[in-house]
2 protein chains.
Amino acid sequence: MQRSSGTPLYKKVFEELKSKIDSGLYKMGDLLPSENELCKLYFTTRPTVRQALNDLSNLGYIVRQHGKGSIVSEPKNGLGILSLKGSTAGVGKHNLKTAIITKPIKQAWPESFEFELTPEEKEAGSIYLSRLRYVDGLPTLFEETYISNIDLPRFTLHNLEKNSLFETLKNYHDVEVKEGEQKIWAIEASKDLAEMFNIKAKKPVLHMKRRLKTNKKNLFIYSFLYCNTQDFFIQDYF
Amino acid sequence: MQRSSGTPLYKKVFEELKSKIDSGLYKMGDLLPSENELCKLYFTTRPTVRQALNDLSNLGYIVRQHGKGSIVSEPKNGLGILSLKGSTAGVGKHNLKTAIITKPIKQAWPESFEFELTPEEKEAGSIYLSRLRYVDGLPTLFEETYISNIDLPRFTLHNLEKNSLFETLKNYHDVEVKEGEQKIWAIEASKDLAEMFNIKAKKPVLHMKRRLKTNKKNLFIYSFLYCNTQDFFIQDYF
DNA sequence: TAGTGGTCTAGACCACCCC
DNA sequence: GGGTGGTCTAGACCACTAT
C-alpha cells in the first residue's frame, strides 16, 4: 500500500476514524475495531494503525485501555484549541461560526513582534487578517493572524468566510501546517476586546501567541488569540 | 535488550537524552546523534529511538529536521506545565521551589467536584494537599491536589518538601502517573490567591483543572492549579 | 551522492483485562 | 484462555538536505 497518494496512510486511518466518531457512527463508550482488525481493514500493519490511534488519543477522541481496546470518549465540553495538530480548531460538540473582521491585507510586520523573524520573512512582509469566532452563537475567540508573504500570489482575494484558512492554504497554495509552539497568559480584556466579547473591560481573558511551521521554508503562520472563558473553557488531553 | 528492568527502553533513551540536554552537554543548535547512531548506542532499533525522539520533540527539547537531524532547541522561557507527560512539571531554565501550604490530610471529597468520581473513589475519600511554587523566587503557581485514598497507607506522613509528589507515589506506593485531561480558564484572582501571589485582587490568573490517571484502577490525581502570568507565561509545543 | 528523518512491513513477546 | 494494547526487532523504500 506504501503511500500511492501523497498523504501518509496513518493520516488516512486517523481521518476516517475521526470522522466516524464525529458523525456519531461510533458513539461514546463504543469500542473501536481492535488494532489487528484495523490492520486487516486498511491492509497495513500495527505500527501504522497505532500511529493513527495515538493521534486520536492525544486529541481526546478515544481512551486506550490495555487488555480491552480503544474506547470512544465523551464529546468534549471544552474547546480543543490547544494541541491542534495541523487540523482546524476543534470545538467538540459546539457550533463554530466565523466572522472576518479584517480581510487579508499585505502589510509590513509590526514594529515589535513576539517571535523572531528570519531575514527572508522580514524582506517579504506579512499578510494580516483577523477573525472573530462564535461558539454556540457567543463571541468567544478573537484571532489575529500574520502569514509570511512568501509564494502566496493573490492570497488576499480568497473568501475566508466560507473556507477555512488552513484548507485554503493547502488547496490553493500547497502549504501544509505542521508543528508549532505557543505561549499562554491570562490578561485583562482591552476596551475593544471587551466590546467584541460583550464583557466588561479588564475582565480576565485567555491570551495565546502561537507560531506554526509549514512545509515551506521561511513560511510561518503567527496567531495571536484571545479567548473569552466566561461561558466556555479550553480542554486538552495528554 | 527486551525490557529486563521494568521501564521501557524508549523511556530510558528519552530520559538520558533529556538529561544530557538539561545539563548542557548538548547545547542549543547541536545535532543529536542520528537515529541510526542512537540505535547502535542503545542496541535497539529505529522505532524505539524514534519514540524517544518524538517525546523530546513534543516537549520542545528538539526540532527534527528531515534530511538533517534532531536539532537541540533553545531552553524555554516559559513554564512547561501543560503537556506534562507523566514527568514532573518542566520550568525550562528557571528555578522551582516548593512550599507546602497544607500537609497531606485525609478528608471527604468536596461537595461539588469538577470531575466525576467512581463509586470506589467516593467510598475511599481523598487525600488533600496544597502547595505554592516559586519560580525564580516569585510565587507563581498554587496547586491544590486531591488523590483518591486507595492503597496509600501512611501517605500523609511523607515529607513532600524534599521529594516530588510523583516520585513519592512511584517509589513508595508503586503508583505511576499516566495520561490526563485538563481544562483551562482565565479567572479573577480571589483575595487569598492575590495575597499569595502578591498581586491585586481580581487581576487575571490562569486556572487549570486537571485529572490524571495512574496505573492503579480507581486511583486518580486531581489538580487545581492557579498560575500567575504577570511575570511568566506558559509554553507548549505540538 | 551520502546521510538524514518519514513512513511502512511482517513478524515477535509481554502484561493486562475479561470471560 | 483468548484477545487486547504495550513494547520491540530487523529489515525496507522514500523524500529531503547538504555537499
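Cut-offs and rules
- Residues numbered from 1 in each chain as written.
- Chains lettered and ligands numbered in written order.
- Predicted model: local features only at pLDDT ≥ 70, side-chain atom pairs only at ≥ 80, totals over all residues.
- Heavy atoms only, no water.
- Domains from an automatic or database assignment.
- Least-squares fit on C-alpha atoms with pLDDT ≥ 70 in both.
- Helix = DSSP H or I, 4+ residues; strand = E, 2+ residues; numbered from the N terminus.
- Buried < 20%, exposed > 50% of the residue type's maximum accessible area, 1.4 Å probe, protein only.
- Expected span 1.5 Å × (residues − 1).
- Contact = heavy atoms within 4.5 Å.
- Buried area = accessible area lost by both parts, 1.4 Å probe.
- Salt bridge = Lys/Arg side-chain N within 4 Å of Asp/Glu carboxyl O.

- Under an unreviewed UniProt entry, the name given to chain A is GntR family transcriptional regulator, and the source organism is Sphingobacterium hotanense.

**Considerations on the domain arrangement of chain A**
Moving on, step 1. Taken domain by domain, chain A comprises domain 1 (9–72) and domain 2 (96–227).
Moving on, step 2. Distance from the C-alpha centre of domain 1 of chain A to the C-alpha centre of domain 2 of chain A: 31 Å.

**Observations concerning the relation of the copies chain A and chain B**
Moving on, step 1. Overlaying chain A on chain B yields an RMSD of 0.1 Å, the required transformation being a rotation through 180 degrees with an accompanying axial translation of 0.0 Å. Taken together, the turn and the small shift mark the pair as related by a two-fold rotation axis.

**Examining the environment of Glu16(A)**
Residues and elements named next belong to chain A.
Moving on, step 1. You can see Glu 16 is positioned in helix H1 (residues 9–22).
Moving on, step 2. For Glu 16, a relative accessible area of 31% puts it in the partly exposed group.
Moving on, step 3. A sequence separation of 62 residues divides Glu 16 from Gly 78, and the C-alpha atoms of the two residues are 23 Å apart.

**Some details on helix H3 (residues 46–58) of chain A**
Residue and element names in this part refer to chain A.
Moving on, step 1. Here H3 contains 13 residues, and its C-alpha end-to-end distance of 18 Å stays within 8% of the 18 Å for a straight helix at 1.5 Å per residue.
Moving on, step 2. Of all the positions in H3, only Thr 48, Val 49, Ala 52, Leu 53, Asp 55, Leu 56 and Ser 57 are classed as buried.
Moving on, step 3. Contact partners of the buried residues in H3: H1, helix H2 (35–42), strand E1 (62–65), strand E2 (69–72) and strand E9 (234–237).
Moving on, step 4. Where H3 terminates, the next one or two residues include Gly 60, which has phi positive at roughly 85 degrees.

**Some details on the interface of chain A and chain B**
By a widely used convention, the size of an interface equals the accessible area lost when the partners come together.
Moving on, step 1. Each partner contributes to the interface: chain A provides 29 residues, whereas chain B provides 29 residues.
Moving on, step 2. When the two sides are added together, the surface that chain A and chain B hide from each other amounts to roughly 2900 Å², 58% of it contributed by carbon and sulfur.
Moving on, step 3. A per-residue breakdown of the area chain A buries against chain B is headed by Ile184(A), Ala186(A) and Phe238(A), which together make up 26% of the total.
Moving on, step 4. Our count for the contact surface shared by chain A and chain B stands at 2 salt bridges.
Moving on, step 5. A salt bridge links Lys203(B) to Glu188(A); the shortest N-O distance between them is 3.1 Å.
Moving on, step 6. When contributions to the side of chain A that touches chain B are tallied by element, the ones reaching two or more residues are strand E6 (177–188), strand E7 (204–214) and E9 of chain A.
Moving on, step 7. If one sorts the elements of the side of chain A that touches chain B by residue count, E6(A) sits on top with 10 residues.

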